[in-house]
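Results of the structural survey
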Amino acid sequence: FAKAEQLRQKLLVEAPKAVREIVRSGELIEEKKTAAMNPGKIRPWADLFNQFTNSEAMAFYFALKEFAVKPNQPVFQQGSCDNRLYLIGSGNLKLKYFDSDTRKNVSITTLRRGDIAGVETFFTLTNHTTTLIAVEESTISYLDKAAYQKILAENHAIESKLLKFCDSKQIKYEQPCPESMSRRAHKRYKANLNGDVQRFDQNGGLGEEI
């Protein structure tokens with residue numbers, strides 16, 4: 001599909017007056033993409049895909065990559081940093097964290113088909129505060145940040161829909177968690193700060209102060 005899109009872009013540059021062929025080539029690519037989408041792969045995240053338009057669904061679907069993990073194989077580890085959003089397709093995985101106060105690994109929850117992980121590190125510049133490890137052989141689809149930014153360029157509405165979906169998938173803890181979980185390398189301190197917020201207008205000029 002990437003090659004087909006490249007050829008279509010070449011046609012746009014070299015034969016811009018061939019409107020019928022340009023339009024038809026776009027329709028043909030879209031038809032083939034729709035036919036190539038596996039309903040079984042979409043089903044675990046039907047709540048997300050049902051929000052998308054056809055073009056958004058195709059862009060998101062083909063941006064996903066899939067891999068398999070073996071039992072006891074970590075997907076990501078506490079303290080590491082990556083830019084992937086993980087969507088669990090099958091299997092059983094444990095989300096844990098190492099408590100530096102008790103020097104023990106604490107199980108937070110079990111992730112299964114239809115669950116997601118890596119939301120915090122995907123949308124913000126931070127490291128993982130948990131470890132995700134497979135209990136049994138599992139399949140995972142992931143969206144990396146570079147691919148995400150690329151599809152947003154033509155499908156802006158995906159962002160709000162994806163954020164809403166991720167918010168609906170907040171972690172449900174298996175057991176009561178301590179008020180302060182020691183999951184970070186450095187201790188956090190409360191601070192009181194004041195700040196000013198100022199809008200910019202569409203031309204880049206300063207607007208009203210909030």
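As shown above, the structure is provided for reference.
Predicted, not measured: the structure shown is a model, and the values here were computed from it.

Scoring rules and cut-offs
Residues numbered from 1 in each chain as written. Predicted model: local features only at pLDDT ≥ 70, side-chain atom pairs only at ≥ 80, totals over all residues. Heavy atoms only, no water. Pairing = 2+ DSSP bridges. Helix = DSSP H or I, 4+ residues; strand = E, 2+ residues; numbered from the N terminus. Axes fitted to C-alpha atoms, helices over the stretch in contact; angles between N-to-C directions. Buried < 20%, exposed > 50% of the residue type's maximum accessible area, 1.4 Å probe, protein only. Salt bridge = Lys/Arg side-chain N within 4 Å of Asp/Glu carboxyl O.

Comments concerning the sheet that holds strand 2 (residues 74–76)
Taken in spatial order, the 4 strands make up an open sheet running 2-7-4-5, and their pairing is antiparallel. Only two strands of the sheet have a single neighbouring strand rather than two, namely strand 2 and strand 5 (104–112). Neighbour to neighbour, the strand axes of the sheet diverge by 30° on average, direction disregarded. Here strand 2 runs beside strand 7 (residues 131–134); their pairing, made up of 2 bridges, is antiparallel. Bridge pairing links Pro74 to Ile133 in strand 7.

A look at unusual backbone geometry
One can expect most non-glycine residues to show negative phi and most peptide bonds to be in trans. The backbone phi angle of Asn72 is positive, close to 70°, even though this residue is not glycine. Inspection of the secondary structure assignment puts Asn72 in the loop between strand 1 (65–69) and strand 2. The class of Asn72 is exposed, set by a relative accessible area of 62%. In this structure, Arg103 takes a positive phi of about 60° despite not being glycine. Positionally, Arg103 belongs in the loop between strand 4 (92–99) and strand 5. Since its relative accessible area comes to 57%, Arg103 is described here as exposed.

Some remarks on the pattern of salt bridges
Under the counting rule described, the total for this entry stands at 2 salt bridges. Its salt-bridge partner being Glu56, residue Lys161 comes within 2.7 Å of it at the nearest N-O pair. Placement of the pair is Lys161 in helix 8 (residues 158–168) and Glu56 in helix 5 (residues 54–63), with a sequence separation of 105 residues. Note on accessibility: Lys161 and Glu56 belong to one class, buried. Its salt-bridge partner being Lys70, residue Glu137 comes within 3.6 Å of it at the nearest N-O pair. On the criterion of sequence distance, the pair formed by Glu137 in the loop between strand 7 and strand 8 (138–144) and Lys70 in the loop between strand 1 and strand 2 is long-range, its members being 67 residues apart. Overall, Glu137 belongs to the partly exposed group, its relative accessible area being 47%.

Purely geometric stuff here, so don't read any function into it on its own.
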